[in-house]
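Here is what each chain is made of, one letter per residue.
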Amino acid sequence: LLLAEHLIRTSCSAGLCLFVTATTGHKYEGVRFEKGNCGVSIMRSGEAMEQGLRDCCRSIRIGKILIQSDEETQRVKVYYAKFPPDIYRRKKKKISLFPLSGTGNTVIEAVKVLVEHGVQPSVIILLSLFSTPHGAKSTIQEFPEITILTTEVHPPVAPTHFGQKYFGTD
């Protein structure tokens, strides 16, 4: 748990940095610590990252989206979405928190919900701990303007047990 929280704080901190140079040499332009940024937690596993984001940016407002996937068809359905009331007017970055991106379907649906609420994909940063190549590629194909910051690309399957282990429900 301690290592998971450290990894979460580190990734949130990197996502909020003004500039980060990845090990690939790619320069990433992050977010200034300023009023107007907000987080969006993709429930339930995304909630594990909320405290790490708050540790880095104490007053940040955080919305939530609950999306469930059908295990057989991989189709996703939005059950709940609650954002700061002015999310569409905030011109700053929206930081989506989702530790695991396997197929990319959940992230794509979350971005669609944000777009429906007036958020431009170009201001969305997805912070994830683990992503599969397929998940990252699917998300970028659907929304090429989005920024994805992940600690590990983990082929072929992301460690989906993270949420159960973190919350002690395995």
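Above this text you will find the structure in question.
Now for a description of the structure that goes with this document. Remember, it's a predicted structure, so these values are computed and weren't measured experimentally.

Another aspect to go through is the pattern of salt bridges. Charged atoms that come close allow side chains of opposite charge to pair. Counted by the stated rule, this structure contains two salt bridges. Of the charged contacts, one joins K64 and E47 as a salt bridge, the two residues approaching to 3.0 Å between their closest N and O atoms. With K64 in strand β4 (residues 61–69) and E47 in the loop between β3 (38–43) and α2 (50–56), the pair connects residues that are 17 residues apart, well separated along the chain. According to the relative accessible area criterion, K64 is partly exposed, its value standing at 22%. Assessed through its relative accessible area of 26%, E47 is described here as partly exposed. In this structure, E50 and K64 form a salt bridge, with 2.5 Å as the shortest nitrogen-oxygen distance. Remark: K64 occurs in strand β4 and E50 occurs in helix α2; sequence separation between them is 14 residues.

Of the residues making up helix α4 (residues 133–142), those classed as buried are G135, S138 and T139. One side of α4 holds all its buried residues, which, seen down the axis, span an arc of 95°. Turned more than 90 degrees away from the buried face of α4 sit K137 and Q141, all of them exposed. Summarising the contacts, the buried residues of α4 are in contact with β7 (100–101), α3 (105–116), β8 (124–131) and β9 (147–153).

Side chains K94 and S96 project from strand β6 (residues 94–97) onto one buried face, and the interleaved I95 and L97 project onto a second face that is buried too. With four bridges connecting them, β3 and β6 associate as parallel partners. Following the sheet pairing, C38 is matched in β6 by K94. Note: β6 against β8, four bridges, orientation parallel. Its bridge partner lying in β8, K94 is registered against I124.

Conventions adopted
- Residues numbered from 1 in each chain as written.
- Predicted model: local features only at pLDDT ≥ 70, side-chain atom pairs only at ≥ 80, totals over all residues.
- Heavy atoms only, no water.
- Salt bridge = Lys/Arg side-chain N within 4 Å of Asp/Glu carboxyl O.
- Helix = DSSP H or I, 4+ residues; strand = E, 2+ residues; numbered from the N terminus.
- Buried < 20%, exposed > 50% of the residue type's maximum accessible area, 1.4 Å probe, protein only.
- Arc of directions from axis to C-beta.
- Contact = heavy atoms within 4.5 Å.
- Pairing = 2+ DSSP bridges.

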